[in-house]
Amino acid sequence: MRFHMSNTERNKETAKRFLETFATGDVEKIAGFLDDDATWWVAGSMPLSGTYTKKKFKELLEGLSERIDGPIKMSALAFTAEGERVAVETESLAQVKNGRTYNNLYHFLFEFRNGKILRVKEYLDTMHTYAVFIAP
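Residues numbered from 1 in each chain as written. Predicted model: local features only at pLDDT ≥ 70, side-chain atom pairs only at ≥ 80, totals over all residues. Heavy atoms only, no water.

Draft legend 1. Here's a closer look at the side chain of Ser 92. Here Ser 92 lies in strand β4 (residues 85-96). There is a polar contact of 3.3 Å between the side chain of Ser 92 and the side chain of Tyr 106. Once residues within four sequence positions are removed from consideration, Ser 92 is found in contact with Ile 72, Lys 73, Met 74, Tyr 102, Asn 103, Asn 104 and Tyr 106. (Helix = DSSP H or I, 4+ residues; strand = E, 2+ residues; numbered from the N terminus. Polar contact = N/O pair within 3.5 Å; in protein donor to acceptor, adjacent residues only side chain to side chain. Contact = heavy atoms within 4.5 Å.)

Draft legend 2. Inspection of the pairing of strand β6 (residues 105-113) at higher detail. Here seven bridges tie β4 to β6, and the two strands are oriented antiparallel to one another. Counterpart to Arg 85 in the pairing with β6 is Glu 111. Bridge analysis of β6 against strand β7 (residues 116-124) gives eight bridges, and the strand direction is antiparallel. In the sheet register, Phe 108 faces β7, and the bridge partner there is Glu 122. Linking two consecutive strands that pair antiparallel, namely β6 and β7, is a turn of two residues; a positive phi of about 55° is found at Asn 114 within it. (Pairing = 2+ DSSP bridges.)

Draft legend 3. Structural detail: empty space enclosed by the protein. Under the criterion given, the structure shown has two cavities of 30 Å³ or more. Forming the boundary of the largest cavity are 18 residues, of which Leu 60, Leu 64, Tyr 102, Tyr 106 and Glu 122 lie nearest the centre. If you list the elements that add at least two residues to the lining of the largest cavity, you get β1 (34-42), α3 (54-65), β3 (68-82), β6, β7 and α4 (126-134). Counting residues per element, the lining of the largest cavity draws most heavily on α3, at four residues. The residue makeup of the lining of the largest cavity, split by class, is 16 nonpolar, one polar and one charged. By volume, the second largest cavity amounts to about 30 Å³. Lining the second largest cavity are Leu 34, Ala 38, Thr 39, Trp 40, Tyr 52, Thr 53, Lys 54, Phe 57, Ile 117, Leu 118, Arg 119 and Val 120. (1 Å grid on protein atoms, 1.4 Å probe; cavity = no way out; pocket = protein on both sides within 12 Å on 5 of 7 lines; lining within 4 Å. Points joined across faces, edges and corners; volume = space filled by probe spheres on them. Nonpolar A, V, L, I, M, F, W, Y, C, P; charged D, E, K, R; others polar.)

Right, dumping it as structure tokens:
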């Protein structure tokens, strides 16, 4: 008897692997999880907020990698999945080259198409992100 994973379970597993890959800092491997039409939306009104295409998201990651010592470690805390949507509560940890520590909490909403991430909504503590990465 073979066990067949449902789309919901497969998408949940892909979201988990995506966060594990994100923690490596390998921008090309991270981008490999994204559909060619993917968009990544970041909450808030800080300079990093807004909607990114796949190409612009890769550029954002490359820019962030220049500001931190090593990758941003992402730890998934809880998953909720239904159909093509997976919600993940996550905690990050990174040392920033300016001497500050980045430790944020997130809620990611992933939407999948054909096993790839099509859309992401990223909710986070934008004041903390601004204070660590942008503030003088």
